[in-house]
Amino acid sequence: MKKMTYVVAFFLLMSVLMVPAAGASGKVPQIKINGTVFVTPAGEPQPYINKDYRTMGSVRLVGNALGVLDDHIEWDDQARTVTMEKNKTVIVITVGQQELRVNGKTVTMDTVAELKNGRVFIPLRFIAESLGAGIDFDDKTRTVLITSDDPSVGKHNLSAFKELKVVTNFPIILEAAGLKLTVHDVYLYKADSKEARDLHKKYNLQYFSRAKYIVMSKITLENTSKKTIRYDGLDLNEKVGWFIATSETNGRSLNSSSITYGTMNNTEILDGWILKPGELIMSTNVQIDYLSEKSFDTIGVFLTYNNVTSSELIAVGKE
């Protein structure tokens with residue numbers, strides 16, 4: 001009797017994972033990846049429930065959110081096949097087929113891959129599990145919960161900007177003359193978004209009335225040199241900066257500090273700071289772009305100190 005009870009419980013659990021949208025409403029559930037709500041970029045096809053009552057996600061967009069770079073996703077129009085690669089895991093999906101291949105091994109899905117508005121869709125569970133992530137369903141909040149311990153997952157919201165192609169993974173580490181910067185994650189918001197307004201309300205951001213975009217990042221700064229490094233009234237040379245290039249600027253980097261130097265070494269939001277040799281600080285860096293008049297097509301980060309500069313592109317415009 002106990003064995004039968006366990007079997008019934010197992011199948012009930014599997015039905016929840018495979019059909020999280022089942023119920024009277026038939027509404028597509030919310031999707032969270034490592035606690036961050038998955039947002040489909042404007043103009044892209046939304047997740048949906050197919051005829052087999054499976055919650056279908058875009059292989060490319062969900063793959064991006066799970067750390068797969070666009071350059072590692074290829075579409076073969078003749079074979080109607082999408083190939084996705086991450087960390088030496090190669091996934092091959094063919095439209096109209098129920099089987100996908102993970103590193104050459106066949107995995108049978110509970111529905112077929114479908115093509116919708118130029119994107120290949122399969123059940124969320126198979127995207128997540130093929131990329132080594134876990135998946136669960138919160139029935140109370142009707143939320144699909146995808147979790148991954150991969151450090152490149154859930155570290156940015158750039159997939160919400162369909163004009164951008166992410167070209168690197170997090171964390172990002174830059175070094176310049178004894179100053180080390182680790183960028184753990186970054187979030188880009190239009191200034192008229194709720195997120196940007198909430199940031200301004202909380203921190204009273206300088207120049208916000210003229211802002212076009214807000215860049216918020218979680219960073220660690222470490223002094224690996226043998227002398228004190230500072231960013232305050234005694235040294236106003238910017239050390240950490242973000243650049244948003246636009247078509248109007250012909251590649252000129254745009255960046256501006258969004259805050260004053262009121263509180264030194266603030267671990268909640270970084271104003272001015274002083275680091276003695278061997279010291280480090282983890283904090284939130286907020287910067288504003290208030291010069292752009294057109295949509296950006298490049299975003300990156302730089303670290304500069306003592307005439308040494310290190311930088312990395314994070315996302316570029318799609319061709």
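For the structure, see preceding data.
In this text, all values refer to a predicted model and were calculated from it rather than measured experimentally.

### Observations concerning the packing of aromatic side chains
Moving on, step 1. Applying the stated criterion across every chain yields a total of 2 aromatic pairs.
Moving on, step 2. Ring centres 5.0 Å apart and planes at 55° place the aromatic pair Tyr-48 and Phe-121 in the tilted group. With Tyr-48 in strand β3 (residues 48-49) and Phe-121 in strand β11 (residues 119-123), the pair connects residues that are 73 residues apart, well separated along the chain. As far as burial versus exposure is concerned, Tyr-48 and Phe-121 are alike and both buried.
Moving on, step 3. Ring geometry for Tyr-231 versus Trp-273: centroids 6.3 Å apart, planes at 50°, classification tilted.

### Topic: the sheet that holds strand β8 (residues 99-102)
Moving on, step 1. Strand order in this open sheet of 5 strands is β5-β6-β7-β8-β9, and the pairing throughout is antiparallel. Strands with a single pairing partner mark the edges of an open sheet, and in this sheet they are β5 (73-76) and β9 (105-108). Neighbouring strand axes in the sheet, compared pairwise and without regard to direction, differ in orientation by 20° on average.
Moving on, step 2. Bridge count for β5 against strand β6 (residues 81-86) is 4 bridges, and the pairing is antiparallel. For Trp-75, the partnering residue across the bridge sits in β6 and is Val-82.

### Quick look at the nonpolar core
Moving on, step 1. Core analysis: the largest hydrophobic core is formed by 34 residues, its most contacted members being Leu-181, Leu-188, Leu-221 and Ile-299.
Moving on, step 2. In this view, Ile-299 contacts Leu-164, Leu-188, Val-215, Trp-242, Phe-243, Ile-244, Leu-313, Ile-314 and Ala-315; residues no more than four positions away in its chain are not counted.
Moving on, step 3. Listed in part, the 32 residues of the second largest apolar core include Ile-73, Val-82, Val-95 and Leu-100.

### Details of the environment of Phe-126
Moving on, step 1. Tracing the backbone shows Phe-126 in helix α3 (residues 124-130).
Moving on, step 2. With a relative accessible area of 5%, Phe-126 lands in the buried category.
Moving on, step 3. For the pair Phe-126 and Gly-57, spaced 69 residues apart in sequence, the C-alpha separation works out to 9.5 Å.
Moving on, step 4. If we ignore the near neighbours within four places in the chain, the residues touching Phe-126 are Leu-100, Val-107, Thr-108, Met-109 and Asp-110.

Rules used in this analysis
- Residues numbered from 1 in each chain as written.
- Predicted model: local features only at pLDDT ≥ 70, side-chain atom pairs only at ≥ 80, totals over all residues.
- Heavy atoms only, no water.
- Phe/Tyr/Trp six-rings, centres within 6.5 Å; stacked < 30°, edge-to-face > 60°.
- Helix = DSSP H or I, 4+ residues; strand = E, 2+ residues; numbered from the N terminus.
- Buried < 20%, exposed > 50% of the residue type's maximum accessible area, 1.4 Å probe, protein only.
- Pairing = 2+ DSSP bridges.
- Axes fitted to C-alpha atoms, helices over the stretch in contact; angles between N-to-C directions.
- Core = buried A, V, L, I, M, F, W, Y, C linked by side-chain atoms within 4.5 Å.
- Contact = heavy atoms within 4.5 Å.

Treat this as a map of the structure, not an account of what it does.
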